[in-house]
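# Descriptive structure summary
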Amino acid sequence: EILEPYAKMDPYYAIKLWYLFSNEIKKYQVLYDFEKSLVPIIVSMMKKGMRVDRRFVKNKIGECETLQNEVYEKLCNIVDESGLNTLEVVTRKYKKSKTIEQLFEKFTEKNDGCVLIDITYDEETSVIAATHKLKFSPGSGPQVLKVLNALGIVILEETAKGATSTEASVLEKYKDAHPFIELLLDYRYYDKQLTTYYRPLFYEYTSDKDDVAHFPLYQSGAKTGRFTA
């Protein structure tokens, strides 16, 4: 009901837009023809693929994970020392379903980012109350801001929506204010390397049987004119 009409109207509106902007497009006809001439080459590149040194990539995964874990431990120590060791302690209730063991397992699955502090079971109401502490997440803007505030670091830059910015480009300006910021930037760097490059290359794009990766290549994906994949 939704996808079929959308799929049908997509080319319809694309053609209407073509006629709407056809005169404007003529001004860039040379550039357009050049970009279009590259399409067969790009398709050939995508089909041929790129060979990946899986041994190198696997070593980089291990290296980055080790360094990231070391940085994360230091970050958590600073968080604890800043007085935020009770970061977002909450109590949630779960109705008893089958066994206590199964319910504990269910709690763990749904609260992977939490450190369990206490669990109690009420015989009368058949309710389990679980109190836990949320693990510090370097990728969480609100958590990072709480730590920065506790450390007395005021970030002046804001996002487009008016919230305090915790982007890397902003935090870079404040990295001398406290070791926490430089550690946070290091953690995000290793996370970027792992999630954007090394893990996808090793686990998604290649395998033990095939070390050639095939990427979708976009010739107009970046303002700088470079390819994006």
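Above this text sits the structure in question.
Note that the structure is a prediction, hence the values are computed from the model and not measured.

Time to look at the overall build of the protein. Helix and strand counts for the protein come out as 8 helices and 5 strands. Within the protein, buried positions represent 27% of all 229 residues. Residue pairs at least 24 apart in sequence account for 56% of intrachain contacts in the protein once pairs closer than 6 positions are excluded. Carbon together with sulfur atoms contributes 55% to the accessible area of the protein, which is approximately 16700 Å² in total.

It is worth spelling out the packing of helix α2 (residues 29-37) against helix α3 (residues 39-48) at this point. The geometry of α2 relative to α3 is characterised by a closest axis approach of 4 Å and an angle of 30° between their N-to-C directions. As the angle between them shows, α2 and α3 are arranged roughly parallel. When α2 is examined against α3, the residues E35, K36 and S37 are found in contact with a partner set consisting of V39, P40 and I41. Class assignment of the residues belonging to the contact of α2 with α3 gives a composition of 3 nonpolar, 1 polar and 2 charged.

On to the side chain of Q143. Checked against the element boundaries, Q143 lands in helix α6 (residues 141-150). For Q143, a relative accessible area of 4% translates into the label buried. Side-chain polar atoms of Q143 contact the backbone nitrogen of S137, separated by 2.9 Å.

Tallied over the entire structure, the rule returns 8 salt bridges. For R54, the salt bridge is made with D208, and the minimal N-O distance between the two is 3.0 Å. You can see R54 sitting in helix α4 (residues 54-81) and its partner D208 sitting in the loop between α8 (179-204) and β5 (212-213), a full 154 residues away along the chain. Its relative accessible area of 75% is what places D208 among the exposed residues. Put simply, E65 and R199 hold a salt bridge, and the shortest N to O gap is 2.9 Å. Here the residue E65 occupies a position in helix α4, and R199 occupies one in helix α8, the gap between them amounting to 134 residues.

The subject of this paragraph is the packing of aromatic side chains. With the rule as written, the count across this model stands at 7 aromatic pairs. Centroid distance W18 to Y32: 6.3 Å. Interplanar angle 50°. Geometry classified as tilted. Of this pair, W18 sits in helix α1 (residues 3-26) while Y32 sits in helix α2, and the two are 14 residues apart along the sequence. Geometrically, the ring pair formed by F136 and F180 is tilted, given 6.0 Å between the ring centres and 55° between the ring planes. Remark: F180 occurs in helix α8 and F136 occurs in the loop between β4 (127-134) and α6; sequence separation between them is 44 residues. A residue is classified by how much of its surface remains accessible, and F180, at 0% relative accessible area, is buried. Lying across the ring of F202, R54 places its NZ or CZ 4.0 Å from the centre.

Turning to α1, a few remarks are in order. With 24 residues, α1 extends 33 Å between its outermost C-alpha atoms, agreeing within 8% with the 34 Å of an ideal straight helix rising 1.5 Å per residue. In α1, a bend of some 50° at L20 exceeds every other bend along the element.

Here is a general trend for soluble globular proteins: nonpolar side chains tend to be buried in one another's company. L75, F136, L148, F180 and I181 are the most contacted members of the largest nonpolar core, which has 33 residues in total. Mapped by element, the contributors of at least two residues to this core are α4, α6, α7 (168-171) and α8. For this core, the leading source of residues is α8, giving 11 residues. If sequence neighbours within four positions are ignored, F180 has contacts with L75, I78, V79, F136, V144, V147, L148 and L151.

The rules we used
Residues numbered from 1 in each chain as written. Predicted model: local features only at pLDDT ≥ 70, side-chain atom pairs only at ≥ 80, totals over all residues. Heavy atoms only, no water. Helix = DSSP H or I, 4+ residues; strand = E, 2+ residues; numbered from the N terminus. Buried < 20%, exposed > 50% of the residue type's maximum accessible area, 1.4 Å probe, protein only. Contact = heavy atoms within 4.5 Å. Areas by Shrake-Rupley, 256 points an atom, 1.4 Å probe, with all protein chains shown as cover. Axes fitted to C-alpha atoms, helices over the stretch in contact; angles between N-to-C directions. Parallel < 35°, antiparallel > 145°, perpendicular 65-115°, else oblique. Nonpolar A, V, L, I, M, F, W, Y, C, P; charged D, E, K, R; others polar. Polar contact = N/O pair within 3.5 Å; in protein donor to acceptor, adjacent residues only side chain to side chain. Salt bridge = Lys/Arg side-chain N within 4 Å of Asp/Glu carboxyl O. Phe/Tyr/Trp six-rings, centres within 6.5 Å; stacked < 30°, edge-to-face > 60°. Lys NZ or Arg CZ within 6 Å of the ring centre and 35° of its normal. Expected span 1.5 Å × (residues − 1). Bend = angle between axes of the 7 residues up to and from the residue. Core = buried A, V, L, I, M, F, W, Y, C linked by side-chain atoms within 4.5 Å.

Interpretation in functional terms is not warranted from these geometric data alone.
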